[in-house]
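Structural overview for review
Listed below, chain by chain, are the residues.
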Amino acid sequence: MTLDTVILNGTVIDGSGNPGYQSDIGIRADEICTIGNLENIDARRHIDASELVVAPGFIDIHGHSDITLLKDPGGESKVYQGVTTEVTGNCSFSPFPAGKHGPDFLQKQLGRTLISNFPWTWSTLDEWAHVLGENGVSLNIAPQLGHAALRVAAGALHPNPATKDELKEMKKLACQTIEQGAFALTTGLSGPPSGYADTNEIIDLCSAISRYDNAFYATHARVGPGRHKSAIEEAVRIGTKSEIPVQFSHLSITEVSLHGRSAESLKIFEDAYESGLDISYDVYPYTAAGGGLKQVMPAWAQAGTREEYMGRLSDSSAREIIKSEVATGIREKPPRWETWFIAFTQSDSNIGTVGKSVETIAAERGVDPAEAVIQMVESEGGNVMTLVHNRAEEDVRLFLQHSLSMIGSDGRAIAPDGFYGTGRPHPRFYGTYPRILGKYVREKPQLFSIETAIHKMTGAPATRMGFKDRGILKKFMKADLVIFDPRTVIDSATFENPQRYPQGMPYVLVNGKFVVDGGQHTGARPGQVLRRGA
């Protein structure tokens, strides 16, 4: 028989966590059809993987490429890392459902988080998936349903828990979207509009979808000063009360006074898991967060439509109150403005701020930092992408190492010459997975074995997602594969120069097609929109 591709002499690390082994792999169409000694098997293409590792393609359990892939369909920043599937719709932000208000209104409300100049013409997951499929994409996408989108669709833009009628509408739209194949409901409880909900609202929504096979709850929790434990406890309560599995997003300790206390957070996960809750978390290997200036703006100021929000900023009396609260900080913890750096802007008035701290921008403008923040938020229409240096390496290492962790980039699939080309995004967009394999596996002190690392990037997220044919390298699974050099693989992206591709990742296959070949993107777009239960 003639195969499409035979990979010879590689070290297979199959994603299960089991020890690697030497073998050849045969691919026909989009499937791994045979594993064993294939040196005499005919194939259209032979790859010599001597001294290289062959592994399942990495599954990014936490991404935000829902819209960016429509402008940068090659997904270069992700596929060059070995990511073959990204889970989208995280932190409450999905570009569907639009509900009765329509896609234009949804884009106006959420488009400063899901930033792009691509017009939203769809109202449902099905319609969004059709547009993505027609456009073509280089990696697979596994969509989730965002709570912010539900609140916008139901008209719940006020700074209070949803009304009975709004909750009824959200439940209906949630069930419709899960039935269309969304894998989970996600929240973003540290900011509007998701953060306007109380715990009971989320329990009600999760209870409505918990009957669907493999559906789960993923949460950007209600974090903030002094909430490093209560945020996790709320997630546990929601999962327990609604009888739904929980995926806790980008676990971290961001308050300087609490650095070194990661064991306290982990104890809550361990206790919940031992009590029978299916709970896990994702984490990325950096000591800086990504976010937006909207996170330091008062929640009440952001209520209602974007026009109402901007109106408050242009009202002199309201602006002074907002400015005072920005300076005071959430729970009266003033932000450390020297650690907040601008990552991306679109307005002419903010040209030149990218890469600078809020403290520096304020000094250059001759205003206090709170006023500089309001000026930038106003000119950008509601939000400004930032990165914030706020974590300790010792906590990052403990969170990465724990058995309940998975790796998630919290990044977007972009390209240096694409829509975000003028920005200075978080290096996690380009470097998360090679950084794990280089800094935390190869370099000393080693944090975990290569088998454990790859399991956290493949088999573990595949189990959470309920994937039947991806995440483990074995016969009859989809041929989503990465071939890398364990001696040289490493991230190249830095905070100063983040739009750089990693090293040591010469081949990436998605559904049997080479997307990266000899270290170069092929332009192929074999990716698919995956659906829950399919």
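My aim in this report is to walk through the structure given alongside it, one point at a time. (Residues numbered from 1 in each chain as written. Predicted model: local features only at pLDDT ≥ 70, side-chain atom pairs only at ≥ 80, totals over all residues. Heavy atoms only, no water.)

Points about the environment of Lys 229
On the secondary structure map, Lys 229 appears in the loop between β11 (216-220) and α8 (230-242). Separated by 183 residues in sequence, Lys 229 and Arg 412 have C-alpha atoms that sit 28 Å apart. Discounting residues that sit within four places of it in the chain, Lys 229 has contacts with Glu 264 and Ile 268. (Helix = DSSP H or I, 4+ residues; strand = E, 2+ residues; numbered from the N terminus. Contact = heavy atoms within 4.5 Å.)

Things to note about the packing of aromatic side chains
The description of two aromatic rings rests on the distance between their centres and on the angle between their planes. Summed over all chains, the structure comprises 16 aromatic pairs. Measuring from ring centre to ring centre gives 5.7 Å for Tyr 430 and Tyr 501, while their planes differ by 45°; the resulting arrangement is tilted. Note that Tyr 430 is positioned in helix α15 (residues 428-442) and Tyr 501 in the loop between β18 (481-484) and β19 (507-510), a separation of 71 residues in sequence. Among the aromatic residues, ring-to-ring pairing joins Phe 248, Phe 269, Tyr 281 and Phe 399 into one connected group. (Phe/Tyr/Trp six-rings, centres within 6.5 Å; stacked < 30°, edge-to-face > 60°.)

Let's talk about the pairing of strand β13 (residues 279-283)
Burial of β13 is extensive: five of the five residues sit out of reach of the surface. Burial of the side chains of β13 extends over both faces: Ile 279, Tyr 281 and Val 283 are buried on one face and Ser 280 and Asp 282 on the other. Summarising the sheet, strand β12 (residues 246-248) and β13 pair through three bridges and their orientation is parallel. Of the residues in β13, the one forming a bridge with Phe 248 is Tyr 281. What joins β12 to β13 is helix α9 (residues 262-274), and the crossover it makes is right-handed. Here β13 pairs with strand β17 (residues 405-407) via three bridges, running parallel. (Buried < 20%, exposed > 50% of the residue type's maximum accessible area, 1.4 Å probe, protein only. Pairing = 2+ DSSP bridges. Right-handed = clockwise from strand over helix to strand, strands pointing away.)

Some points on the sheet that holds β11
Strand-to-strand pairing in sheets goes through backbone hydrogen bonds, with the strands running parallel or antiparallel. Ordered in space as β9-β10-β11-β12-β13-β17, the six strands form an open sheet in which the pairing is parallel. Only two strands of the sheet have a single neighbouring strand rather than two, namely β9 (145-146) and β17. Contacts between α8 and the sheet are confined to β11, β12 and β13, with β12 contributing the most and set at about 165° to the helix. (Axes fitted to C-alpha atoms, helices over the stretch in contact; angles between N-to-C directions.)

Looking at the pattern of salt bridges
The final tally for this structure, using the stated rule, is 23 salt bridges. Across the salt bridge formed by Lys 78 and Asp 60, the nearest N and O atoms sit 3.0 Å from each other. In this pair, Lys 78 sits in helix α2 (residues 76-79) while Asp 60 sits in strand β6 (residues 58-60), placing the two residues 18 residues apart along the sequence. Among the residues examined, Asp 60 registers a relative accessible area of 0% and is labelled buried. Lys 267 is paired through a salt bridge with Asp 271; the nearest N and O atoms lie 2.9 Å apart. In this pair, Lys 267 and Asp 271 both sit in helix α9, four residues apart, roughly one turn of the helix. Accessibility expressed as a relative area gives 44% for Lys 267, which makes it partly exposed. Overall, Asp 271 belongs to the partly exposed group, its relative accessible area being 35%. Taken together, the salt bridges that share partners define one network made up of Glu 51, Asp 485 and Arg 487. (Salt bridge = Lys/Arg side-chain N within 4 Å of Asp/Glu carboxyl O.)

Focus: the side chain of Ser 262
With respect to the secondary-structure elements, Ser 262 resides in helix α9. Residue classification places Ser 262 among the buried positions, given a relative accessible area of 0%. A polar atom in the side chain of Ser 262 sits 3.0 Å from the side chain of Asp 395. For Ser 262, the residues in contact, after removing those within four places along its chain, are Ile 253, Asp 395, Leu 398 and Phe 399. (Polar contact = N/O pair within 3.5 Å; in protein donor to acceptor, adjacent residues only side chain to side chain.)

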